[in-house]
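# Structural overview
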Amino acid sequence: MIDLNALRMFEKVATLRSFSAAARALGVPKSNVSRLVSKLETALGVLLFQRTTRDVTMTPAGTALLERCAEVFASVDGVVDYVGSMGTAPRGLLKISAGIGFGINVLAEELPEFLRRYPQINIALDLESRQADLVAEAIDVAVRLGPMPDSGLVAIKLGEMRRYCCASSDYLARNGTPTVIAELEEHDTIDMLGPSGRSRPWVFSGAGESVKQEITPRVCVNEALTAQRLIIHGAGIGLLSGYICGPEIKGGRLVRLFPEYQVAPVEVSIVFPSRRKLAPAVRAFADYMKEVSRPGRLWQDDPL
């Protein structure tokens, strides 16, 4: 039987590269740390550290164990939170991952009401342009845009985000306005990279046809708000979500192109690891996001 306390002490020593520093951080005698780490090595039958008078170096076995500690602790904490909150209001720390643009424009407006409803839930909000590894980074739930790959994650679709092809009036005055989709090849374009790190075709449907246009972007960017600012300031033509470009089009700062066509929408989903039971805090967040994700509200508002 592995002693969980010994595993936590191992993780602290491995992170700080010092038994003494780990003891100080944990507020326990150094001898306790050494004893429990040695006990862990005996239980596993492997050496986790190479010890000298001046340095502590992990063995390959120690490195492998450290890489899995976050997953182990997350599982334990999740079970504790789940059992501890059964029959009571959702509580504990909820770790949420989302894209920067969605975090700023949607979650920053929706979470205050969620926090008022659930006063015993604390939130750690991680906003990144990349997609976080939910298991390795101990993330409870994430908001993802686009089709969900077969990744072993459970996904709940919240809806679809409509997009529009647009450019600034300044850019069009300097470069001309494309009248057919194929003319995009002659223009500077701003594009969001796909998960593969490569640009994806722009797909339009309307007038009884579907048009797939390959794009060689002048500027590639991995964050939607930056793409919006680039397009507004005349860097090129791009695809933007309706809730962030609609007000700009109505205000005359952006011009919608090819209004007879619809751009393929983007799915919005919340995802969580399938191997873990849903803690009450995660379930509460999922239910709340389904409640507030309705037409005419924030990212589902289609002002055009």
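Notes on the structure follow.

What counts, and where the lines are drawn
- Residues numbered from 1 in each chain as written.
- Predicted model: local features only at pLDDT ≥ 70, side-chain atom pairs only at ≥ 80, totals over all residues.
- Heavy atoms only, no water.
- Salt bridge = Lys/Arg side-chain N within 4 Å of Asp/Glu carboxyl O.
- Helix = DSSP H or I, 4+ residues; strand = E, 2+ residues; numbered from the N terminus.
- Buried < 20%, exposed > 50% of the residue type's maximum accessible area, 1.4 Å probe, protein only.
- Core = buried A, V, L, I, M, F, W, Y, C linked by side-chain atoms within 4.5 Å.
- Contact = heavy atoms within 4.5 Å.
- 1 Å grid on protein atoms, 1.4 Å probe; cavity = no way out; pocket = protein on both sides within 12 Å on 5 of 7 lines; lining within 4 Å.
- Points joined across faces, edges and corners; volume = space filled by probe spheres on them.
- Nonpolar A, V, L, I, M, F, W, Y, C, P; charged D, E, K, R; others polar.
- Arc of directions from axis to C-beta.
- Polar contact = N/O pair within 3.5 Å; in protein donor to acceptor, adjacent residues only side chain to side chain.

## Digging into the pattern of salt bridges
Counted under the stated rule, the structure contains ten salt bridges. Here E41 and R51 are joined by a salt bridge, their closest N and O atoms 3.1 Å apart. Taken together, the positions of E41 in helix 3 (residues 30-44) and R51 in strand 1 (residues 49-51) put the pair ten residues apart, joining distant regions of the chain. For E41, a relative accessible area of 9% puts it in the buried group.

## Quick look at unusual backbone geometry
Here the phi dihedral of A138 falls at roughly 55°; this positive angle occurs in a residue that is not glycine. Relative to the helices and strands, A138 resides in the loop between strand 4 (121-127) and strand 5 (141-145). With phi around 50°, F258 is a residue other than glycine that occupies positive phi space. Following the sequence through the fold, F258 ends up in the loop between strand 12 (255-256) and strand 13 (262-273).

## Quick look at the nonpolar core
If you look at the biggest cluster of nonpolar residues, it comprises 41 residues, and the most contacted ones within it are L94, F102 and F285. Only strand 3 (92-98), helix 5 (100-117), strand 5, strand 6 (153-167), helix 7 (224-232), helix 8 (242-250), strand 13 and helix 9 (280-292) provide two or more residues apiece to this core. When residues in this core are grouped by element, the largest group, eight residues, is from helix 9. Residues within four places of L94 in sequence aside, it is in contact with F114, I121, N122, I123, A124, D140, V141, A281, V282 and F285.

## Let's talk about empty space enclosed by the protein
According to the stated counting rule, one finds one cavity of 30 Å³ or more in the structure shown. The computed volume of the largest cavity comes to approximately 40 Å³. As for the largest cavity, its lining consists of R163, Y164, C165, F204, R256, L257, F258, Y261, Q262 and V263. Of all the elements in the fold, those that place two or more residues in the lining of the largest cavity are strand 6 and strand 13. At three residues, the largest contribution of residues to the lining of the largest cavity is made by strand 6. Each residue belonging to the lining of the largest cavity can be placed in one class, and the counts come to seven nonpolar, one polar and two charged.

## Brief notes about the layout of surface pockets
Its volume calculated, the largest pocket comes out at about 1,300 Å³. Residues of the lining of the largest pocket, tallied by class, amount to 26 nonpolar, eleven polar and eight charged.

## Remarks on helix 8
With seven of nine residues buried, helix 8 lies mostly within the body of the structure. Those residues of helix 8 that fall on the buried side of the exposure criterion are G242, Y243, I244, C245, G246, E248 and I249. Those residues of helix 8 hidden inside the fold are in contact with helix 5, strand 6, helix 7, strand 11 (237-241) and strand 12. Following helix 8 by one or two positions, G252 adopts a phi angle in the positive range, close to 85°.

## Brief notes about the side chain of R144
Within the element layout of this structure, R144 appears in strand 5. Setting aside its immediate chain neighbours within four residues, R144 contacts Q131, A132, L134, L153, E267, V268, S269 and V271.

## Regarding helix 7
Of the positions making up helix 7, those classed as buried are L225, A227, Q228, I231 and I232. Buried residues in helix 7, looked at end-on, bunch into an arc of 155°, giving them a common side. Elements in contact with the buried residues of helix 7: helix 5, strand 6, strand 7 (189-192), strand 10 (219-221), strand 11 and helix 8. The residue sitting at the N-terminus of helix 7 and contributing the capping side-chain oxygen is E223; that oxygen lies 3.0 Å from the backbone nitrogen of L225. A positive backbone phi angle near 90° is found at G234, which sits one or two residues after helix 7.

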